There are 2 protein chains.
Amino acid sequence: MPTPDRTSLAEIVDAGRAILEESGPAGLTMQAVAIRCGVRAPSLYKRIRDRDALLAAVAEAVVNDLADRLADTENSLSALAETYRAFAHENAEGFRLMFTASAPLDALDHAATPVLAASAAVVGDVDALHAARLFTAWATGFVHMELAGAFRLGGDVEQAFTYGLRKILDGLTP
Amino acid sequence: MPTPDRTSLAEIVDAGRAILEESGPAGLTMQAVAIRCGVRAPSLYKRIRDRDALLAAVAEAVVNDLADRLADTENSLSALAETYRAFAHENAEGFRLMFTASAPLDALDHAATPVLAASAAVVGDVDALHAARLFTAWATGFVHMELAGAFRLGGDVEQAFTYGLRKILDGLTP
DNA sequence: ACCTGAACACCGTTCAAGT
DNA sequence: ACCTGAACACCGTTCAAGT
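Residues numbered from 1 in each chain as written. Chains lettered and ligands numbered in written order. Predicted model: local features only at pLDDT ≥ 70, side-chain atom pairs only at ≥ 80, totals over all residues. Heavy atoms only, no water.

### With respect to the relation of the copies chain B and chain A
Between chain B and chain A, the superposition needs a rotation of 180° and an axial shift of 0.0 Å, giving an RMSD of 0.0 Å. Each copy turns onto its partner about a two-fold axis. Looking at the interface residues of chain B, 100% of them are also at the interface in chain A, so both copies use one shared face. (Least-squares fit on C-alpha atoms with pLDDT ≥ 70 in both. Contact = heavy atoms within 4.5 Å.)

Written out as structure tokens, the structure reads:
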């Protein structure tokens, strides 16, 4: 006899993402997710292979969210930089997860589209990919270090961000 | 009656680092470390508080190693970039660990010294910190993405690295 | 067909008892 | 003073038995 479903893959991934932000990766246990979905831990395995697959699904949800935000942003490198950084601050744990082991690579490619377009507008099509990688690497590294608390030698971090962006644009502008 | 020590903190940290590179963070169990040190897991707790403290100690060892390598490098941003990237490739798991939760922040500051000096040589003392942050963020993000397999849109990654370095130097050079 | 309790393997950690 | 086996708590995962 069929039973009405008491949860869904989407609910599980949402719960996982919320718990990740609240309690970090160590807090993201199958138990915690199950409780939040009103179900027992073994039931989760009907919907998702294992915890690694859940982490991958959460990472993909985060990347898709980021891609939407970037797609809605004015298509300039400075506007994209602001959006990217703001998103990372709002989703610190999810942001870290994005670049981890089983990263959602296809989704990342998709998120890169607006950056490629904005880069092409500055340096032309031939160098667009190189320029996009310069920009993305800088923004990713900056936020990563910022979230890790690695900027401790004094100085204004906001200013450092603006400075970096300006110098990159200076370097790229023909 | 005193017993001769059968291991040491240094041996434990070395074992942890080796296991981390071989088997990743999930493989770095107290059991695995203990076996490698010829001792049982509970004995480790005489030398180190818990697994988190071990991870922190491993991270610090990695950063100190990196600091030595950078200090031995010719003091130019391009030479430092090569050394930094090579180190990250040789110590992929350790590199990831460096920017994690309980990062060894003091050691990171120390590793930053040569980068600050090389930056000052290009932009002067006033902007040296901003410039060092631009450079470090870019290099860190680039290697991070590279290690995560995030560069998949084609194009030559070596070229992208050279391109990024050149454009940053272009942007920084007055 | 989904859900669950029970069970198992594995890991971190503590501790009393050895030497 | 360090080392160990035994024990405990906790987590991921499987599975037979329920509905």
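What follows continues from the structure just given.
### Focus: the protein's contact with DNA strand C
The immediate surroundings of DNA strand C are formed by 19 residues, with Arg6 and Ser43 of chain A together with Met30, Tyr45 and Arg51 of chain B found nearest. Considering the 4 Å shell around the protein, atoms of DNA strand C inside it are sugar or phosphate in 68% of instances. Within the backbone of Arg40 of chain A, a nitrogen or oxygen atom sits 3.0 Å from a phosphate oxygen of DNA strand C. Between DNA strand C and Arg51 of chain B, the relevant distance is 2.9 Å, taken from a phosphate oxygen to a main-chain nitrogen or oxygen of the residue. A class-by-class count of the residues in the surface near DNA strand C yields 7 nonpolar, 6 polar and 6 charged. (Near = heavy atom within 4 Å. Polar contact = N/O pair within 3.5 Å; in protein donor to acceptor, adjacent residues only side chain to side chain. Nonpolar A, V, L, I, M, F, W, Y, C, P; charged D, E, K, R; others polar.)

### Here we look at the interface of chain B and chain A
Contact with chain B, which involves 40 residues of that partner, is made by 40 residues of chain A. Taken together, the two surfaces of chain B and chain A that pack against each other cover about 3600 Å², and 68% of this comes from carbon and sulfur. Broken down residue by residue, the surface that chain B buries against chain A is led by His130, Arg133 and Tyr163 of chain B, which jointly contribute 20%. Linking chain B with chain A are 4 salt bridges, by the criterion used here. Across the salt bridge formed by Asp109 of chain A and Arg152 of chain B, the nearest N and O atoms sit 2.7 Å from each other. For the pair chain B and chain A, the interface holds 9 residue pairs in polar contact (both at pLDDT 80 or more). (Buried area = accessible area lost by both parts, 1.4 Å probe. Salt bridge = Lys/Arg side-chain N within 4 Å of Asp/Glu carboxyl O.)

### Section: the packing of aromatic side chains
For the coordinates displayed, the defined rule picks out 14 aromatic pairs over all chains. When the centroid spacing of 5.1 Å and the interplanar angle of 65° are considered together, the rings of Phe142 of chain A and Phe161 of chain A count as edge-to-face. One end of the pair, Phe142 of chain A, is in helix H8 (residues 125-147); the other, Phe161 of chain A, is in helix H9 (residues 157-172), and 19 residues separate them in sequence. For Phe161 of chain A, a relative accessible area of 2% gives the class buried. Ring centres of Phe142 of chain B and Phe151 of chain B lie 5.0 Å apart, and the angle between their planes is 55°; on these two criteria the pair is classed as tilted. Assigned by exposure class, Phe142 of chain B and Phe151 of chain B land together as buried. A network of ring pairs unites the aromatic residues Phe135, Trp138, Phe142, Phe151 and Phe161 of chain A as a single cluster. The side chain of Arg85 of chain A reaches across the aromatic face of Phe161 of chain A, ending 4.5 Å from its centre. (Phe/Tyr/Trp six-rings, centres within 6.5 Å; stacked < 30°, edge-to-face > 60°. Helix = DSSP H or I, 4+ residues; strand = E, 2+ residues; numbered from the N terminus. Buried < 20%, exposed > 50% of the residue type's maximum accessible area, 1.4 Å probe, protein only. Lys NZ or Arg CZ within 6 Å of the ring centre and 35° of its normal.)

### Brief notes about the domain arrangement of chain A
Residues and elements named next belong to chain A. What the domain assignment reports for chain A is domain 1 (1-48) and domain 2 (60-172). Computed over C-alpha atoms, the centres of domain 1 and domain 2 are 30 Å apart. At the interface, 6 residues of domain 1 touch 10 residues of domain 2. Contact between domain 1 and domain 2 buries roughly 560 Å² in total, counting both sides, with carbon and sulfur atoms accounting for 53%. A salt bridge links Asp65 to Arg17; its shortest N-O distance comes to 2.7 Å. Our count for the domain 1 to domain 2 interface comes out at 5 residue pairs in polar contact (both at pLDDT 80 or more). Per-class residue counts for the side of domain 1 that touches domain 2 are 3 nonpolar, 1 polar and 2 charged. (Domains from an automatic or database assignment.)

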